[in-house]
Amino acid sequence: MTATAERHVLGAPPPDDILLDVRNLKTIFHVMDGDVPAVDGVSFQLRPGRSIGIVGESGSGKSVTALTIMRLLDIPPAEVKADSEIWFDGKELLRLPMNEMRKIRGNDIAMIFQEPLTSLNPVFTIGDQIAEQVELHLKVKKKEAWERAIESLKLVGIPSPERRVKQYPHEMSGGMRQRVMIAMALSCEPKLLIADEPTTALDVTIQAQILELLKSIQDRTDSALMLITHDLGVVAEMVEDVVVMYAGQVVETGSVDQVLLEPRDPYTMGLIESIPTVDKRGGRLSVIKGTVPSPFNLPPACRFEPRCPYAWDHCRKVAPDLFQTDHAGQLARCHLHTAAGVGRREQALEVHAQAMTVGRDLRSQR
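Residues numbered from 1 in each chain as written. Predicted model: local features only at pLDDT ≥ 70, side-chain atom pairs only at ≥ 80, totals over all residues. Heavy atoms only, no water.

1. Details of the pairing of strand 8 (residues 192–196)
Link 1 in the chain: With 5 of its 5 residues buried, strand 8 lies for the most part within the structure.
Link 2 in the chain: In this sheet, strand 8 lies alongside strand 7 (residues 109–112) in parallel orientation, the contact comprising 4 bridges. Residue Ile109 lies in a different strand from strand 8, and its bridge partner there is Leu192.
Link 3 in the chain: Bridging between strand 8 and strand 9 (residues 224–228) involves 5 bridges; their strand directions are parallel. The residue of strand 9 that forms the bridge with Ile194 is Met226. (Buried < 20%, exposed > 50% of the residue type's maximum accessible area, 1.4 Å probe, protein only. Helix = DSSP H or I, 4+ residues; strand = E, 2+ residues; numbered from the N terminus. Pairing = 2+ DSSP bridges.)

Have a look at this one:
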């Protein structure tokens, strides 16, 4: 049995209990050297109040997926294919007029960007930038918007918010700027919060504080969280469901327990095996051989085949679908989950037994 992007009925709204429904998302960049399929057939769902992690190596399409959802890509050179759909709160975002999309963006869907210093305007104070968003979306007067900006800074744990609200971005540390970005994202109480590598370039102590802040705010506001990261430790601590991406495609989906404890795609297995642990001290670290393929020269069938230790001729000829694994709700893009791959699958699971301990170490953080 297979499960593909077409398991969603295109054109039909999702059930009421689905907040975000991404269906067969295809985003292509048309550049001088050719076409780059940055996101190729990505599908996933997110319910209100729940959290999902989008993981994978750099260049796998994680951030482009988020920017496509927010409709922040320049078109052209970007193009979202006509058979792609993004349903949010009963509305199909890709076909909304831009003025309607602007009402949703920053209000119902908010995004925390990867580098706050490049996302904040250096010539306006923190308070002006937060208040402007509140004034625009909530239709309140400037004084009320300013008070809400102060309240937002207080919510994210910034000391002396009445003073900080008058400061400029360069007057704050990296961790403080990241808190400002979170405050700005939460100022209009969004239904969906997209966090793109929210702890990048922060020291370990500040990372822990930011992650704890996101968890507490989500619990308090009951907002949904879409977390983009390459850190599986963060995934173990923060989310309930996981989507693993590679070369623009989804290669595995499932609950965080399934993906970390019992991964079923060789790429996910390789990611977990490459995590340093105390047991590996003094020894050689595990790595995924090779590099991510160039988007201009992708393998003809399975995109992970050149790096996969379990690949055979069939993998070079036929592109794998998302197959149902031996766990309900867990899907993997690998021929190991066909009748022809049973023997190799058993071998892969046996070899991966050592990495399962790493997965348990990760899960113990929750």
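2. Some thoughts on the sheet that holds strand 9
Link 1 in the chain: Reading across the sheet, the 8 strands line up as 7-8-9-3-10-11-13-12 and stay open at both edges, with mixed pairing between neighbours. Bordering the open sheet on either side are strand 7 and strand 12 (323–324), each of which pairs with just one other strand.
Link 2 in the chain: One ladder, built from 2 bridges, connects strand 12 with strand 13 (residues 331–332); its direction is antiparallel. Bridging across to strand 13, Phe323 finds its partner in Ala332.
Link 3 in the chain: On top of the sheet, helix 7 (residues 174–186) reaches strand 7 and strand 8; it is set at about 175 degrees to strand 7, its chief contact. (Contact = heavy atoms within 4.5 Å. Axes fitted to C-alpha atoms, helices over the stretch in contact; angles between N-to-C directions.)

3. Quick look at the pattern of salt bridges
Link 1 in the chain: On inspection of all chains with the given rule, the structure shows 16 salt bridges.
Link 2 in the chain: With a closest N to O distance of 2.5 Å, Asp89 and Lys191 form a salt bridge. Here Asp89 is found in the loop between strand 5 (85–88) and strand 6 (91–92), whereas its partner Lys191 is found in the loop between helix 7 and strand 8, with 102 residues between them in sequence.
Link 3 in the chain: Linking Asp326 and Arg264 is a salt bridge whose minimum nitrogen-to-oxygen distance equals 2.9 Å. (Salt bridge = Lys/Arg side-chain N within 4 Å of Asp/Glu carboxyl O.)

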